[in-house]
Amino acid sequence: MSWFTEARFGLFLHWGLYSLAARHEWVKSYERLDDEHYDRYFRHFDPDLYDPEAWAEEAANAGMRYVVVTTKHHEGFCLWDSALTDYKATRTPYGRDLLAPLVEAFRRRGMRIGFYHSLLDWHHPEFPVDLYHPQRDDEETRAAPRDVRKYADYLHGQVRELLTGYGPVDLMWFDFSYPGRGLGAKGRDEWRSRELFDLVKELQPGIMINNRLDLGSGDFTTPEQVMPQGGTTGGVPWESCQTLNGSWGHDRDNLDWKPADLLIRMLVDNVSKGGNMLLNVGPDGRGRFGPRAVGRLREIGDWMSLHSRSIHGAGAAPGLTPPPDCRYTLRGDRLYLHLFAWPLKHVHLDGLAGRVEYAQFLHDASEVQPLRVDPAQPGHLYLRGLPEDTLTLQLPVTRPDVAVPVIELF
Ligand code: H79
């Protein structure tokens, strides 16, 4: 499982019928749309510009090392040609399986493959109505009780299909459990999570499973749209999943787009705390990433092409406290100082005096010289007060023209 912590950066893909509604992947629940209304997206699903090779190329160029794709989101629509339902891509106007070509394209780029699979299913007739369900818990639904055991059989059957039909799968991302949350609440008893977990491991012994089956931490934990504090997961690998704009599915009118430099700082922050970042793109109804997403991925790629050495295979630097607005990552015995803000002329590194043999900017391998204080020089007077064990580096006044400057310390 070391590939996971080496990779550090992955692509999340949310793609389904909600991509046509283009107003958040929870639209069916938020707007309480019934099946009849929602069927319009099924009848019009035809991503004629779908090109998973292009997606894989964008992801690879951005420095991403794995992909996690929504095989099925809460709406219940399946991207693959499941034998257990007709609610799938092959029965839409598009008429073809979307999953196999995607897996192939990303694998060809050397990327690891992850399947997101929703535990919730707002389309399956035996999925009991609950607080998130688009259908209300009313007299009518109570009169026709649903059998969650039958739904769980379906869930297990579909997972079996996914893990037998697409070659080696590296990661399984289940979403989500809500035990004890009122009528229709669901967790390990309803999903039959232990059985499901064992099934996944039996079919794909090398796979990693996330923590949303209500079985504790799983193989890795998944903070969602938060930047976690470091050192809080007790050594369990973790991955923070993040959006470009607050939504996971394509969201046409959303203007809350994070700029690329913020996304880069988020990635660095995660790695500096020992975690991964899974960054989401919500492709549109024609199967494109959209210019805003592509623009950000390319800017991230520009930075990664010069700085991936501080990300891939890197992690937290235990015992070292970085200066304000800086982050350390450690890879082997190389330390990387990421400067989120640009200080004037000097940066002071506590605890590093005498421990650094050479320092350079990562983007151009230009030397960053230490400040050597000569007690004979008058200037020395003004530097008194720095702790003995502090290494001071001399910075140019002008900040290098990269999203986040990085100093590599040998
Ligand atoms: O697939 C993406 C989301 O659709 C899904 N997980 C990511 C990866 C997800 N969104 N929310 N949740 C899982 C958990 C539920 C969160 C809730 Fe709420 C917060 C339920 C009630 C408050 C979101 C906001 C749903 C209703 C309001």
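See the structure shown above.
Predicted, not measured: the structure shown is a model, and the values here were computed from it.

K.L.:
Hey, could you run me through the pairing of strand β9 (residues 334-339) in this one?
P.N.:
Across a regular strand the side chains alternate sides, sitting on one face of the sheet and then on the other. For β9, the buried fraction is high: five of the six residues fall into the buried class. Pairing analysis gives six bridges linking strand β8 (residues 326-331) to β9, with the strands arranged antiparallel. Looking across to β9, one finds that T329 is bridged to Y336. Connecting the antiparallel pair β8 and β9 is a turn made up of two residues, with G332 showing a positive phi of about 60°. The pairing of β9 with strand β13 (residues 406-409) spans four bridges and is classified as antiparallel. In the strand pairing of β13, Y336 is matched with E408.

K.L.:
Just to check I follow, could you spell out the sheet that holds β13 for this structure?
P.N.:
Where strands meet in a sheet, backbone hydrogen bonds hold them as pairs that are either parallel or antiparallel. Ordered by their spatial adjacency, four strands build an open sheet running β8-β9-β13-β11, and the pairing between neighbours is antiparallel. Here the strands that pair on one side only, and so sit at the sheet edges, are β8 and β11 (359-361). Averaged over neighbouring strand pairs, the angle between their axes works out to 25° when direction is ignored.

K.L.:
What should I look at first to understand the site of the ligand in this one?
P.N.:
The immediate surroundings of the ligand are formed by 15 residues, with H14, E25, W26, H73 and D175 found nearest. Between an oxygen atom of the ligand and a side-chain N or O atom of E25, the distance comes to 2.6 Å. A distance of 3.4 Å separates an oxygen atom of the ligand from a polar atom in the side chain of Y116. Partitioned by chemical class, the residues of the shell around the ligand number eight nonpolar, three polar and four charged.

K.L.:
Would you explain helix α5 (residues 52-61) in this entry?
P.N.:
It helps to recall that an α-helix has 3.6 residues per turn; residues three or four apart then point in one direction. Buried within α5 we find P52, W55, A56, E58 and A59. Looking straight down α5, one finds its buried side chains confined to an arc of 160°; they lie on one side. Trailing α5 by a residue or two, G63 shows a phi angle of about 90°, which is positive.

The rules behind the values
- Residues numbered from 1 in each chain as written.
- Predicted model: local features only at pLDDT ≥ 70, side-chain atom pairs only at ≥ 80, totals over all residues.
- Heavy atoms only, no water.
- Buried < 20%, exposed > 50% of the residue type's maximum accessible area, 1.4 Å probe, protein only.
- Helix = DSSP H or I, 4+ residues; strand = E, 2+ residues; numbered from the N terminus.
- Pairing = 2+ DSSP bridges.
- Axes fitted to C-alpha atoms, helices over the stretch in contact; angles between N-to-C directions.
- Near = heavy atom within 4 Å.
- Polar contact = N/O pair within 3.5 Å; in protein donor to acceptor, adjacent residues only side chain to side chain.
- Nonpolar A, V, L, I, M, F, W, Y, C, P; charged D, E, K, R; others polar.
- Arc of directions from axis to C-beta.

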